[in-house]
Amino acid sequence: MTSGRIYEQLILFSIPLLLGNFFQLMYNTIDSVVVGNFVGPTALAAVGASTPIINLMIAFFMGLATGAGVVVSRYYGARKSEDVHKSVHTFLAFSLLFGIVLSIVGVLMAPVFLHWMGTPEDTFAQANSYLVIYFVGNVFVTIYNAGTGILQAVGDAKTPLYILIATSILNIFLDLFFVINLQLGVAGAAWATIISEAISMCLVIYVLMHTEKEYKVHLNQLKMEGKYLKEIIKIGAPAGLQGMVVSISNVIVMAYINGFGSASVAGFSSANKFDNFLGLPVNSFALAITTFVGQNLGAQKYDRVKKGVHATLILSIVTVIILGGIVFVFADPCISFFSKDPEVITAGATCIKVMCPFYFALCLHQVWSGALRASGRSSVPMITSIMAFVVIRQIFLMTVLNLYNDIAIIGWGYSLTWMLAASFTAYYYFHSHWLQLEEKRNQL
């Protein structure tokens, strides 16, 4: 990514990321579609209630994966083969250990989290079953995401895409088999997801073991080296803490939604699926600019960094305006895809219509944050995100929901804080002279 046409490179790199993230989301979405249509609204609510807890438990690791991607991409851009090799093996070894610990904690804490959220009694048992099964196989998720992050950091977004397409299709068949044929309900959907994730992990590790490039993995060389783990944690920990705190905020939001009843939980969970899909281009372009900026900072091509950020903003905003407009117009049919229950459709469509016009602000925040993380300034996006998505969002919801008991307030809580986060990040991005400081540092 250090030479060639910027728009062309960003688009070609982002399309596999976008499709890959799409198929990644399909895992949980297919679970929701199958249980919502073949088990019922209560089962759909159970899967929806589980999602914020899963995101909470995996959030810190995903931040560390971002840090690992930055470290690998900068070494790769600077053509430091030995450092690429050691940073890759360090992070994979760490991912294995982290995944095992996370599995144990997740299984033990699942019922506790559900109680804290005030999960409705009619969904509690099914939600707990889904979570326990998911966390039993969580180590597959961490290692798979680590391997995928490494491939993306060196510019290979296609291989993870092919793996995701294959395992997402497998997940559909397993979902239908376990839920409909074996009548395992929500537990069947969880088993389908974990089996698919395990196969994904095996495939991505196979690819890394059989490449001839500097990031080739040798299982007998997996070990955590302090220098590289410190670099990964330095960059990734703020992003991980940000993701974890925001996930805690989302768990609290789900507690508010639980107060509206199971139909509203199912409706918001369905709307959240489309929120995730609309966030796909945002996250994909943000990851693309992180890799792009990381490689070009490593190659000391600073003008190319500025042009890349500008191009990514245009591409991401245009994309979400088009997709958001479609979802806004067809909100009711979109929600009915998950459930035909009128209460579920009303609650879900209400939320997503409020959120659709504001995705452009999320683009601004995420793209600028991605560029700053690539420079090692992960604490800035962490602070702006926590202030907007946690502190201000919770104050807003706590205050306004006491005045207006309307689920639309939940949607406004997201939309308005996206605008604030974009404003906070813009101020730092344009007034801190971060790129000039980066250039001076490398000249010393």
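Quick note: structure is the one above.
Presented here is a report on the structure given in the accompanying data block. (Residues numbered from 1 in each chain as written. Predicted model: local features only at pLDDT ≥ 70, side-chain atom pairs only at ≥ 80, totals over all residues. Heavy atoms only, no water.)

1. Some remarks on the overall build of the protein
Condition: Only DSSP runs of H or I reaching four residues or more are called helices, and only runs of E reaching two or more are called strands; each is numbered from the N terminus. Restricting the calculation to C-alpha atoms gives the radius of gyration, and the globule rule supplies 2.2 Å times the number of residues raised to the power 0.38. Burial status follows relative accessibility: with a 1.4 Å probe on protein chains alone, a residue under 20% of its type maximum counts as buried, one over 50% as exposed, and anything between as partly exposed. Here, two residues are considered to be in contact whenever any of their heavy atoms come within 4.5 Å of each other. Computed with a 1.4 Å probe, the accessible areas rest on the Shrake-Rupley method; for each residue, only the protein chains presented here act as cover. A positive count includes Lys and Arg, and a negative count includes Asp and Glu. His and the chain ends are not counted in either. Where a charge lies is defined by one atom per residue type, namely NZ (Lys), CZ (Arg), CG (Asp) and CD (Glu).
Scanning the protein from terminus to terminus reveals 16 helices and zero strands. Computed over the C-alpha atoms, the radius of gyration of the protein is 21 Å, within 12% of the 22 Å expected from 2.2 N^0.38 for a compact globule of 444 residues. Each of the three principal axes of the protein carries a C-alpha extent, and together these read 60 × 45 × 35 Å. Counting all 444 residues of the protein, 60% fall into the buried class. For the protein, contacts bridging at least 24 residues in sequence account for 83% of all contacts bridging at least 6. If you sum the accessible surface of the protein, you get close to 17700 Å²; carbon and sulfur atoms cover 68% of it. Charge centroids of the protein, computed over 24 positive and 21 negative side chains, lie 14 Å from each other.

2. Observations concerning a nonpolar patch on the surface
Quick reminder of the rule: Patch membership needs two things, relative accessible area over 30% and no salt bridge, and members are linked within 9 Å if like-charged or within 5 Å if nonpolar (Val, Leu, Ile, Met, Phe, Trp, Tyr). The rule for a salt bridge is simple: a side-chain nitrogen of Lys or Arg has to be within 4 Å of a carboxyl oxygen of Asp or Glu.
Together, Tyr7, Ile11, Ile15, Leu19, Ile314, Val318, Ile322, Leu323, Ile326, Phe328, Val329 and Phe330 give the surface a local cluster of nonpolar side chains, amounting to about 1000 Å² of exposed area. Among the elements of the structure, helix H1 (6-38) and helix H10 (302-329) are those that each provide at least two residues to the nonpolar patch. The biggest single contributor to the nonpolar patch is H10, with seven residues. Inspection of the secondary structure puts Val318 in helix H10.

3. Thoughts on the layout of surface pockets
Applied cut-off: The method works on a 1 Å grid over the protein atoms by themselves. A cavity is a set of points holding a 1.4 Å probe that cannot get out, a pocket is an open set with protein on both sides within 12 Å along at least five of seven lines, and residues with an atom within 4 Å of a point line them. Grid points are joined across faces, edges and corners, and a volume is the space filled by probe spheres set on the points. Each residue is assigned to one of three groups, with Ala, Val, Leu, Ile, Met, Phe, Trp, Tyr, Cys and Pro labelled nonpolar, Asp, Glu, Lys and Arg labelled charged, and all others, Gly among them, labelled polar.
Taken as a whole, the largest pocket encloses approximately 490 Å³ of empty space. Looking at the largest pocket, it is lined by 18 residues, and the ones nearest its centre are Arg74, Tyr75, Glu231, Ile235 and Arg441. In terms of residues, the lining of the largest pocket owes the most to one element, helix H8 (residues 226-258), which gives four residues. Its residues placed into classes, the lining of the largest pocket shows five nonpolar, five polar and eight charged.

4. Considerations on the packing of aromatic side chains
Quick reminder of the rule: Any pair of Phe, Tyr and Trp rings, taking the six-membered ring for Trp, is counted once the centres come within 6.5 Å. Such a pair is stacked with planes under 30 degrees apart, edge-to-face with planes over 60 apart, and tilted for the rest.
This model, assessed by the stated rule, comprises 14 aromatic pairs. Summarising the aromatic geometry, the rings of Tyr75 and Tyr228 are spaced 6.1 Å apart at their centres and angled 70° between planes, so their arrangement reads as edge-to-face. In this pair, Tyr75 sits in helix H2 (residues 41-77) while Tyr228 sits in helix H8, placing the two residues 153 residues apart along the sequence. Assigned by exposure class, Tyr75 and Tyr228 land together as buried. Here Tyr134 and Phe135 contribute two aromatic rings whose centre-to-centre distance is 5.9 Å and whose plane-to-plane angle is 90°, an arrangement assigned as edge-to-face.

5. Observations regarding the nonpolar core
Note the following rule: As used here, the term nonpolar core means buried Ala, Val, Leu, Ile, Met, Phe, Trp, Tyr and Cys residues forming a set that is joined through side-chain atoms within 4.5 Å.
Formed by 148 residues in total, the largest nonpolar core has its most connected members in Phe91, Tyr215, Val293, Val309, Ile410 and Trp418. Counting residues per element, this core draws most heavily on H2, at 19 residues. Those residues in contact with Val293, other than ones at most four positions away along the chain, are Val305, Val309, Ala371 and Ala374.

6. Some remarks on unusual backbone geometry
Backbone geometry at Gln183 places phi at a positive 55°, although glycine is not the residue there. The topology assignment puts Gln183 in the loop between helix H6 (158-181) and helix H7 (185-210). Even without being a glycine, His433 presents a positive backbone phi close to 55°. In this fold, His433 is placed in the loop between helix H15 (408-431) and helix H16 (434-443).

7. Some thoughts on the pattern of salt bridges
Evaluated as defined, the whole model comprises five salt bridges. Glu8 serves as the salt-bridge partner of Arg5, at 3.9 Å between the closest nitrogen and oxygen. Its relative accessible area of 40% is what places Glu8 among the partly exposed residues. The partner of Lys307 in a salt bridge is Asp303, with the nearest N and O atoms 3.3 Å apart. Of this pair, Lys307 and Asp303 are both found in helix H10, four residues apart, which corresponds to roughly one turn of the helix. Since its relative accessible area comes to 44%, Asp303 is described here as partly exposed.

8. Let's talk about the side chain of His85
This is how the line gets drawn: What qualifies as a polar contact is a pair of N or O atoms within 3.5 Å, subject to a donor-acceptor requirement within protein and to the restriction that residues adjacent in sequence count only when both atoms come from side chains.
Here His85 lies in helix H3 (residues 81-116). Among the polar contacts listed, one links the side chain of His85 to the side chain of Gln221, at a separation of 2.8 Å. What His85 contacts, discounting residues up to four positions off in sequence, is Glu214, Lys216, His218 and Gln221.

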